[in-house]
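Next come the chains, spelled out residue by residue.
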Amino acid sequence: LGAVNVHSESSQPGNHSGSDELVSVVLRNVQPLHGGLNIYLRRDGSGYCQILVRRPSTLPLQEKRYKLALPEAKMRALQSLISDRSFTDIPSSTKPGLPDTSRPAISMKLASVEPVTFSRWGNGDPHPDFDTIYQALIDVATSARTLEPIYEGQYDLKWTPEGFEAYK
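Quick caveat: nothing in here was measured; it's all calculated off a predicted structure.

Parameters at a glance
Residues numbered from 1 in each chain as written. Predicted model: local features only at pLDDT ≥ 70, side-chain atom pairs only at ≥ 80, totals over all residues. Heavy atoms only, no water. Helix = DSSP H or I, 4+ residues; strand = E, 2+ residues; numbered from the N terminus. Buried < 20%, exposed > 50% of the residue type's maximum accessible area, 1.4 Å probe, protein only. Contact = heavy atoms within 4.5 Å. Areas by Shrake-Rupley, 256 points an atom, 1.4 Å probe, with all protein chains shown as cover. 1 Å grid on protein atoms, 1.4 Å probe; cavity = no way out; pocket = protein on both sides within 12 Å on 5 of 7 lines; lining within 4 Å. Points joined across faces, edges and corners; volume = space filled by probe spheres on them. Expected span 1.5 Å × (residues − 1). Arc of directions from axis to C-beta. Phe/Tyr/Trp six-rings, centres within 6.5 Å; stacked < 30°, edge-to-face > 60°.

Caption draft 1: Looking closely at the overall build of the chain. In terms of regular secondary structure, the chain is built from 2 helices and 8 strands. Starting at the N terminus and walking to the C terminus, you meet the elements of the chain as β-β-β-β-β-α-β-β-α-β. Burial analysis of the chain (168 residues in total) assigns 46% to the buried set. Counting only contacts in the chain whose residues sit at least 6 apart along the sequence, the fraction spanning at least 24 positions is 69%. On the chain, roughly 8800 Å² of surface is accessible, and the fraction owed to carbon and sulfur atoms is 52%.

Caption draft 2: Quick peek at the layout of surface pockets. By volume, the largest pocket is sized at about 210 Å³. Looking at the largest pocket, it is lined by 15 residues, and the ones nearest its centre are R28, V30, N38, Y155 and L157. Elements supplying a minimum of two residues to the lining of the largest pocket: β2 (22-31) and β3 (35-42). With 3 residues, β2 is the largest single contributor of residues to the lining of the largest pocket.

Caption draft 3: Summary view of helix α1 (residues 72-83). Between the first and last C-alpha of α1 there are 16 Å, a value that for 12 residues agrees with the 16 Å anticipated at 1.5 Å per step. Among the residues of α1, M75, L78, Q79, I82 and S83 are the ones counted as buried. Taken around the axis of α1, the buried residues stretch over an arc of 135°, which confines them to a single face. In the core, the buried residues of α1 are packed alongside β2, β3, β6 (105-110) and α2 (128-144).

Caption draft 4: Geometry of the environment of S102. Within the secondary structure layout, S102 lies in the loop between α1 and β6. Those residues in contact with S102 that lie beyond four places of it in its chain are N29, Q31, R120, W121 and G122.

Caption draft 5: View of the packing of aromatic side chains. Enumeration over the complete set of coordinates arrives at 5 aromatic pairs. Pairing Y48 with W159 gives two aromatic rings, centres 5.5 Å apart and planes at 85°, and the pair type is edge-to-face. A residue pair is termed long-range when its members are at least 10 positions apart, and Y48 in strand β4 (residues 46-53) and W159 in the segment after β8 (151-154) qualify at 111 residues. Each member of the pair, Y48 as well as W159, carries the same accessibility label: buried. An angle of 40° between the planes, with centres 5.9 Å apart, marks the rings of F164 and Y167 as tilted. Taken individually, F164 and Y167 each receive the classification buried, so the pair is uniform in this respect. Ring pairs connect the aromatic residues Y40, Y48, W159, F164 and Y167, which therefore count as one cluster.

Caption draft 6: Up close: α2. A rise of 1.5 Å per residue sets the reference length of α2, with its 17 residues, at 24 Å; its end C-alpha atoms lie 24 Å apart and thus fit the reference within 8%. When we look at burial in α2, the residues that qualify are F130, I133, Y134, A136, L137, I138, V140, A141 and A144.

Caption draft 7: Quick look at the environment of L68. With respect to the helices and strands, L68 occurs in strand β5 (residues 62-69). When its relative accessible area of 4% is taken as the criterion, L68 is described as buried. Expressed as a C-alpha distance, the spacing of L68 and A144, which sit 76 residues apart in the sequence, is 7.0 Å. Setting aside chain neighbours within four positions, we find L68 in contact with I39, Y40, L41, G45, S46, G47, Y48, C49, V140, A144 and L147.

Taken by themselves, the reported measurements are silent on function.
As structure tokens, then:
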């Protein structure tokens, strides 16, 4: 992962930890030339994961879409990771991204604020708070691969699960 670039749609800066309950979290990490993944997750552990790949014989990205139902304990652990960090205090980076580098973005909706989005370049400028949540979400995608896909085919860039329209 790389440089931190904080974009906050919230008018309430500062630490959103403690009793501020996670409503939903989204990870978008798609590099158009190589693929990637998107995760849409609600506080109850329900959601979706899209895993995208580019096959040499096929021009558009191909996706496998999975319906998620994370156990309560796993969602509590994710909520705890998020609650223990102050994402709005992550400084912006001055490093530019490299060509063909991914730019993962994590968007979170907490009970008291509008969705807040944080993105980073994938060129080796780590930040421990972002990286901790990013890795937890990557683990969700890894476990999704064991499920039966609900859709396989061409990546639909415009598809957003119901209830996640605010993240478009």
